[in-house]
Amino acid sequence: MTRALTLLTGLFWLLLSSTLLYAQLQTPYILNGAATQRTCNCYVLTEEVPQSSGTVWNKNKISLNNSFDYYFDVNLGCKDETGADGIAFILQTQGTNLGATGQGMGFQNISPSVGVLIDTWQNADDGDPDYDHVSIQVNGDISHTSSNNLAGPVTALSGNGNIEDCNWHIFRIKWDAGSKTLEVSIDDSLRVAVQKDLTAEIFGGDPMVYWGFGSATGGSFNKQQFCAALRPQLQFDNNQLFCDGSAIVFEDDSKSFGTVTRWRWDFGDGTGSSVPDPPPHLYAKAGEYEVRLVIEDNSGCISDTMKQDVIIGSYPVPSFSYDAVCTGRPLTLTNETQLDVGTIQKWEWDFGDGRTSNAEHPSIQYDSIGIYAIMLVATSAQGCSASIQKIGPIYPTPYISATGENVCIGLPINFTGTDQTPSIPLSQWYWDLGNGQQQTGQDISYIYPEGGDYQAGLHVMSTDGCLSDTFPVSVNVMDIGLFAGNDTLIARNQPLQLNAQTTGDGLQFTWSPATGLTDAYSADPIAYLQQDQAYYLTVTSSEGCIEKDTLYVKVYAGPEFYVPTAFSPNNDGRNDVFRAISPGVPQLDFFCVWNRWGQEVFRTQSLSGTWDGTFKGTPMPAGTYVWMIQGTDYTGRLFSRRGTVTIVR
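Let us look at the structure shown here. (Residues numbered from 1 in each chain as written. Predicted model: local features only at pLDDT ≥ 70, side-chain atom pairs only at ≥ 80, totals over all residues. Heavy atoms only, no water.)

Things to note about the overall build of the chain
Then, in step 1: Within the chain one finds two helices and 53 strands.
Then, in step 2: Radius of gyration (C-alpha) of the chain: 54 Å, far over the 26 Å computed for a compact globule of 649 residues.
Then, in step 3: Dimensions of the chain, computed from C-alpha atoms along their principal axes, come out at roughly 150 × 85 × 70 Å.
Then, in step 4: In the chain, buried positions account for 44% of the 649 residues.
Then, in step 5: Contacts in the chain between residues far apart in sequence, at least 24 positions, make up 59% of those at least 6 positions apart.
Then, in step 6: For the chain, the computed accessible surface area is about 31,800 Å², with 48% contributed by carbon and sulfur atoms. (Helix = DSSP H or I, 4+ residues; strand = E, 2+ residues; numbered from the N terminus. Rg over C-alpha atoms; globule rule 2.2 N^0.38 Å. Buried < 20%, exposed > 50% of the residue type's maximum accessible area, 1.4 Å probe, protein only. Contact = heavy atoms within 4.5 Å. Areas by Shrake-Rupley, 256 points an atom, 1.4 Å probe, with all protein chains shown as cover.)

Things to note about the pairing of strand E23 (residues 287-297)
Then, in step 1: In this structure, strand E21 (residues 260-266) lies alongside E23, joined through six bridges in antiparallel fashion. Residue Val-260 lies in a different strand from E23, and its bridge partner there is Asp-297.
Then, in step 2: With seven bridges joining them, E23 and strand E24 (residues 306-313) adopt antiparallel strand pairing. Counted as the bridge partner of Leu-293 is Met-306 from E24. (Pairing = 2+ DSSP bridges.)

Details of the packing of aromatic side chains
Then, in step 1: Enumeration according to the criterion identifies 38 aromatic pairs in this entry.
Then, in step 2: Judged by centre distance (5.5 Å) and plane angle (70 degrees), the ring pair of Phe-89 and Phe-213 falls under edge-to-face. Taken together, the residues span a long stretch of sequence, with Phe-89 in strand E7 (residues 86-92) and Phe-213 in strand E14 (residues 208-216) at a distance of 124 residues.
Then, in step 3: Overall, Phe-89 belongs to the buried group, its relative accessible area being 2%.
Then, in step 4: Plain terms: the ring middles of Phe-415 and Trp-431 are 5.3 Å apart, the flat faces sit at 45 degrees to each other, and that makes the pair tilted. Separated by 16 residues along the polypeptide, Phe-415 in strand E35 (residues 413-419) and Trp-431 in strand E36 (residues 426-432) bring together distant segments of the chain.
Then, in step 5: Given a relative accessible area of 1%, Phe-415 falls into the buried group.
Then, in step 6: Ring pairs connect the aromatic residues Tyr-29, Tyr-43, Phe-68, Tyr-70, Phe-72, Phe-89, Phe-171, Trp-211, Phe-213, Phe-226 and Phe-257, which therefore count as one cluster.
Then, in step 7: One residue, Arg-355, lies across the ring of Tyr-366, its end atom 5.5 Å from the ring centre.
Then, in step 8: Above the plane of the ring of Phe-320 lies Lys-390, whose end atom (NZ or CZ) is 4.9 Å from the centre. (Phe/Tyr/Trp six-rings, centres within 6.5 Å; stacked < 30°, edge-to-face > 60°. Lys NZ or Arg CZ within 6 Å of the ring centre and 35° of its normal.)

Some details on the sheet that holds strand E45 (residues 533-540)
Then, in step 1: If you walk across this open sheet you meet the four strands as E41-E46-E45-E43, and the pairing is mixed. Single-partner strands in this sheet number two, and they are strand E41 (488-491) and strand E43 (508-512). Across the sheet, the axes of successive neighbouring strands diverge by a mean angle of 25 degrees, strand direction being ignored.
Then, in step 2: Examined bridge by bridge, E41 and strand E46 (residues 546-556) share four bridges and lie parallel to one another. Bridge pairing in E46 links Ala-491 to Tyr-556. (Axes fitted to C-alpha atoms, helices over the stretch in contact; angles between N-to-C directions.)

Quick notes on the nonpolar core
Then, in step 1: Grouped together as the largest cluster of nonpolar side chains are 43 residues, with contacts concentrated most on Phe-72, Phe-89, Phe-171, Trp-211 and Phe-213.
Then, in step 2: Tallying contributions element by element places strand E6 (residues 68-75) first for this core, with four residues.
Then, in step 3: Look past the residues within four positions of Phe-171 in its chain and what remains in contact with it is Tyr-70, Tyr-71, Phe-72, Val-74, Phe-89, Val-116, Ile-118, Val-184, Ser-185, Ile-186 and Phe-213.
Then, in step 4: By size, the runner-up hydrophobic cluster in this structure holds 23 residues, among which are Trp-511, Leu-517, Leu-529 and Val-539. (Core = buried A, V, L, I, M, F, W, Y, C linked by side-chain atoms within 4.5 Å.)

Considering the environment of Gly-245
Then, in step 1: Looking at the secondary structure, you find Gly-245 in the loop between strand E18 (242-243) and strand E19 (250-252).
Then, in step 2: Taking the C-alpha atoms as reference points, Gly-245 and Arg-231, 14 residues apart in sequence, are found 30 Å from one another.

Quick word on the environment of Thr-55
Then, in step 1: Within the fold, Thr-55 resides in strand E4 (residues 53-58).
Then, in step 2: Exposure remark for Thr-55: the relative accessible area of 2% places this residue in the buried category.
Then, in step 3: With 593 residues separating them along the chain, Thr-55 and Val-648 place their C-alpha atoms 126 Å apart.
Then, in step 4: Within the structure, the side chain of Thr-55 is placed 3.3 Å from the side chain of Trp-57, a separation counted as a polar contact. (Polar contact = N/O pair within 3.5 Å; in protein donor to acceptor, adjacent residues only side chain to side chain.)

Overview of the state of the cysteines
Then, in step 1: Applying the stated criterion to the full structure yields six disulfides.
Then, in step 2: Paired through a disulfide, Cys-78 and Cys-166 show a sulfur-sulfur distance of 2.0 Å. Taken together, the positions of Cys-78 in the loop between E6 and E7 and Cys-166 in the loop between strand E10 (149-155) and strand E11 (169-176) put the pair 88 residues apart, joining distant regions of the chain.
Then, in step 3: In this structure Cys-166 comes out as partly exposed when scored by relative accessible area, which is 37%.
Then, in step 4: Each sulfur in the disulfide pair Cys-326 and Cys-466 lies 2.0 Å from the other. In this structure, the disulfide formed by Cys-326 and Cys-466 twists by about -95 degrees around the S-S bond and is classed as left-handed. Of this pair, Cys-326 sits in the loop between strand E25 (320-321) and strand E26 (329-332) while Cys-466 sits in the loop between strand E39 (452-462) and strand E40 (471-478), placing them 140 residues apart in sequence.
Then, in step 5: We classify Cys-466 as buried; its relative accessible area is 0%. (Disulfide = S-S within 2.5 Å.)

Quick look at the structure:
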């Protein structure tokens, strides 16, 4: 099977090569100078070399008494700034071995003649513009300043001053024998035209002329080519927009110098045709197909394969969704349209009340209840459209109000909700308490764990799913934040400054009992004591909130240092550390401990400092240690004490 396929493939290429060789042998053209035949219908006039020229003449004369419409493909090379010199299409009566080098482009000094010149080099002495240009000249004269310049120069390409762009361009020469009009188009854009009786005014009454192409290079150069056009091309109906189930008309719009004799269509779905204009073609399903067309002309030349992608779009399956539609609420419609082949290009919404939109996911607000029909028409880039309509009610939105109250810390706040639209049935009440907590119910009670200002809020949902606005409720939880102070110890008659700490203003203070106090109703009285005392402080706010705290004061004879004689650091929670009690001593200079060899094992300047019986993290052995303490009492007297302490293990 493989060998047979190989033999068939080889036979195909042999036949194709034979066809091309035969076509070359049968060519109606005479080549001069550097001109060479590249393919069956294409010729290179000059290679990319300096000081070169080439002409290609059709050996059969044509009559200017007959109209003609010739299509060619031309390629002026790839070098722009340094490319030269150009191509000329020439009508003349002198023969088929003519030509000229350099700026003459094979046309200069041929007379009588008509030349259509595509000039790519600026020659100031000929009046050339600084862009690639096209003109109609006669009698071998390439100057644009003489009377032999019949039309132009204009840019060779419409709106573009460069034709040396590596690309092939359609070069059309059209002669209307009736109106004596010669028109020149490049890439389907009319560039120059002239109305003149060429037979009588140029060729001395002889209508029979040779036609051909000439080209040349000088110091600058380009590869310059032409083809007797054999360009397969097609056009679609309906602006190339196709939908599933619609028949497509493929019309042949090929450009050919000669007569097209054969067509080979491949529609990309396994089917094809061999007629110029196939009957309307119906694809079995939506999808993307590659349509191909190959043509052959009467000289036996076969074109390249034209390829054209054709998208047969599927019809959209429109769909959309939305939440409950409530009056006064923005409604976002979520487009959920599906499409198998193609892309959605257009959305057309009709909201049933005269308003429309082209957004993919539009938003709209209805202010009146009622029944509305919302319609969506979805259209693909391929022009395929489908629609869907949903009919539904617009529900009323409920309105509510709410109240709260200010309380003292630890007391519950009662929140109350009020329905302002009792005709709208409600399904649920939602409270946001402003501290991350939520509750449900129309009337609720809540105790805030901390004082402060809170912004609570209430909203409701109707039985139709419509949410009210959130009604704000501001509440304050009063927290005096009372702290009477740390329990302390003092010496007899040592002044003790009390300082109650609170938050808020307008507070009333009461210390009980008033024993030893300078002012029992002040936040910061001074106490003078002879014995231990417990003070009970009561603070009342202007809102009537009451908070209480207790302060214990231990009174010692002093000022003095009270230091124990032993301690047992065994972590049993009893007598585990060694410390000094210092009533009447607000400032400690040092408190030190030494072992029996005089090594310091502990030092502190803190009145609350303690020794745990270790040195550098290592427990000290049981035994006797020497200590010394020094400080300044509240009267400013400096004094010290020393002694021994025993570690018991």
